[in-house]
Amino acid sequence: MQKNWDLKRLIFNISSLVHLGQEVTSSKGFNEKIKGALYVVTGIFSIPRAALLIYNSRLHSLDLLTSKGLKGIDGTILRIEHRHIKVLKKNEIYSIKELQNNPFYKQNETAFKTLQTRTFIPLFVKEEFLGALSLGRRLSRTSYLQSEADTLRAIANQISTTLHNSNLFKRLARKATENKKLYENMRHIYHNTVQAFAAAIDAKDVYTKNHSNRVAKISVAIARELSWKDKDVEGIYIAGLLHDIGKIVLDRVVIRSKNLTNAEMDEIRKHPKISYDIISKIKFPWKDISDFVRHHHERIDGKGYPDSLRDKELSDGAKIIALADAFDAMTTERPYQKKRTLNEALIEIKECLGTQFDGNISKAFFKTIQKEIKGELKDPQVLPYLDKDFDPSIIIMLLEGIIAELSA
Amino acid sequence: MLTNNFAVVSKAIDDIAILQPKGYMNDLGAERLEHECEQFLDKGLKKLIINFSDIQHINSMGASVLIGIVQRISESKGQLYFTNIKKVHFDVFEMLGIIKYVKIFKEEREALKFLIKDAEKLGLEKTDL
Ligand SMILES: [Fe+2]
Ligand SMILES: [Fe+2]
């Protein structure tokens, strides 16, 4: 039951964040976006009263931008000096108690009382201070759990970037190229949000730290090599980030243990289906993500799980993620197996062609690694995460051999 | 710019307000429900029934509106009643801790029957409640 609850909560939170990502990247006006963002925070965490403050660097103040559930607060401002800002941590969640000894709090005690602030989050993008989020008491009167704090931080990040971009927007002439830059920036936030969740998945398991991120990047490299359209490449990136999200509901102990019982093994094998259940409930702007995620542990010979699909029944996207996932598992230390060198991993993939891995997809993977080692790609996705203890000339020779064989 | 996929139909019986929101509570448009509630509260109607039968989807923005309503009602010392809730929405309300602050009835008329002992007034005597 408890697990079930976490799952519902998770789906609700991710959906809300994805929705927020779409809102803030939409063509809606700034005020509406900001208000929407405040509604998302207050909805997710059941907060009846909250306010969003924007930093006025000329007047050294935090001015009210939008609020919810607060009456008669017009004109409320907080005084904030450079020395106050300097000691505030970027996008940190401060409980009001933690702030109480801060001169900044003392100077603004009345304003904090008017806003009924219980939680205060200073909003920064890089070193630029942009404003703050003031949250009142939660309906549940509880504090934020670790996972809730992660979500809250992801939202705070989105709000910061939205504030930042609006500043940017004001400063920029509305030239097409600059609008494009703005759009890129917005897309970036979207990715950051999903990345925040990926980090939460990987946090369950020290051995897979950053795993989702690497799988996403390797998948992108393969998809690009296969000349996928930009939009689809973006989709597989998101799928890579979220492919193991089902692990979030698994027991941490089970994920980390070395000698698994059959029952524990069955438990772990549920995760692609759980990932699918989660992803399919979220309205993403890309199709097929849920399919890719569900089938990332399938094999060409039908001996994979959860659906034992075979070669032709599997989408390219699922095959790509499956390969990227296996490659990352091979090249990182795991409790159940020792780490392979790049050379060993590539040979292992080759030996499993036609049984575990698809020939075409693997060929694209080999080609992209070859290009990355030769320095032919502007934006390498795989190499930066590998140990640098291999001999490039040996790997290139090995890859040339394999590719020639596969092309024959 | 409010979207058109949300509307509220409401009526008052004595000191009871009945609100029936329709459509999607997934953007700022859902605020309309909060405004209607406020208007009733300002007029002194303290018993509010919200009938969810025509609500399709509630996300965090919609939830925020409901949390706002819960807050307003408790400030006004009123009472909130939810009826015709789908299972998935009930789960959301439970998750967000909203249900502790509302009385829940399966059907709108059950809530009305609870609030108005004199069922005749509602023409309910012929129906088999
Ligand atoms: Fe997996
Ligand atoms: Fe994985």
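Worth saying up front: this structure is predicted, and the values here are computed from it rather than measured. (Residues numbered from 1 in each chain as written. Chains lettered and ligands numbered in written order. Predicted model: local features only at pLDDT ≥ 70, side-chain atom pairs only at ≥ 80, totals over all residues. Heavy atoms only, no water.)

Undergrad: Can you explain the sheet that holds strand S6 (residues 128-135) of chain A? Please cite residues and give values.
TA: Whether parallel or antiparallel, the strands of a sheet pair through hydrogen bonds between backbone atoms. Residue and element names in this part refer to chain A. Strand order in the open sheet formed by six strands is S3-S2-S1-S6-S5-S4, with antiparallel pairing between adjacent strands. Of all strands in the sheet, those bounded by a partner on one side alone are strand S3 (77-79) and strand S4 (94-95). Its contacts with the sheet put helix H2 (residues 30-44) on strand S1 (50-56), strand S2 (61-68) and S6, and the angle it makes with S2 is roughly 70°. (Pairing = 2+ DSSP bridges. Helix = DSSP H or I, 4+ residues; strand = E, 2+ residues; numbered from the N terminus. Contact = heavy atoms within 4.5 Å. Axes fitted to C-alpha atoms, helices over the stretch in contact; angles between N-to-C directions.)

Undergrad: I'd love a proper account of the coordination of the iron ion (ligand 1), names of residues and values included.
TA: Residues and elements named next belong to chain A. Taken together, the protein ligands of the iron ion (ligand 1) are Asp244 (OD), His271 (NE2), His296 (NE2) and His297 (NE2), with distances of 2.2 Å. Around the iron ion (ligand 1), the four donor atoms are arranged such that angles at the metal cover 82 to 170°; this shape is classified as irregular. The distance between the iron ion (ligand 1) and the iron ion (ligand 2) comes to 3.3 Å, and Asp244 binds to both of them. With a gap of 26 residues between them, His271 in helix H13 (residues 271-279) and His297 in the loop between helix H14 (289-294) and helix H15 (316-330) connect regions that are remote in the sequence. No difference in accessibility class separates His271 from His297, as the two residues are buried. (Donors = N, O, S within 2.8 Å, 3.2 Å for Na, K, Ca; no water. Tetrahedral: all angles 85-135°; square planar, octahedral: opposite > 155°, others 65-115°. Buried < 20%, exposed > 50% of the residue type's maximum accessible area, 1.4 Å probe, protein only.)

Undergrad: Give me the lowdown on the domain arrangement of chain A, citing residues and values where you can.
TA: All names here are of chain A. For chain A, the assigned domains are domain 1 (2-183) and domain 2 (203-407). Computed from C-alpha atoms alone, the centre-to-centre distance between domain 1 and domain 2 is 36 Å. Across the contact, eight residues belong to domain 1 and eleven residues belong to domain 2. Taking both sides of the interface into account, the surface hidden between domain 1 and domain 2 amounts to around 860 Å²; carbon and sulfur atoms contribute 76%. (Domains from an automatic or database assignment. Buried area = accessible area lost by both parts, 1.4 Å probe.)

Undergrad: Go over the interface of chain B and chain A, please, and point to the residues and values.
TA: Facing the 28 residues of chain B at the interface are 23 residues of chain A. Summed over both partners, the interface of chain B with chain A comes to about 2200 Å²; 60% of that surface belongs to carbon and sulfur atoms. Linking chain B with chain A are three salt bridges. A salt bridge links B:Glu31 to A:Lys35, with the nearest nitrogen and oxygen atoms 2.9 Å apart. Across the contact surface, chain B and chain A share eight residue pairs in polar contact (both at pLDDT 80 or more). (Salt bridge = Lys/Arg side-chain N within 4 Å of Asp/Glu carboxyl O. Polar contact = N/O pair within 3.5 Å; in protein donor to acceptor, adjacent residues only side chain to side chain.)

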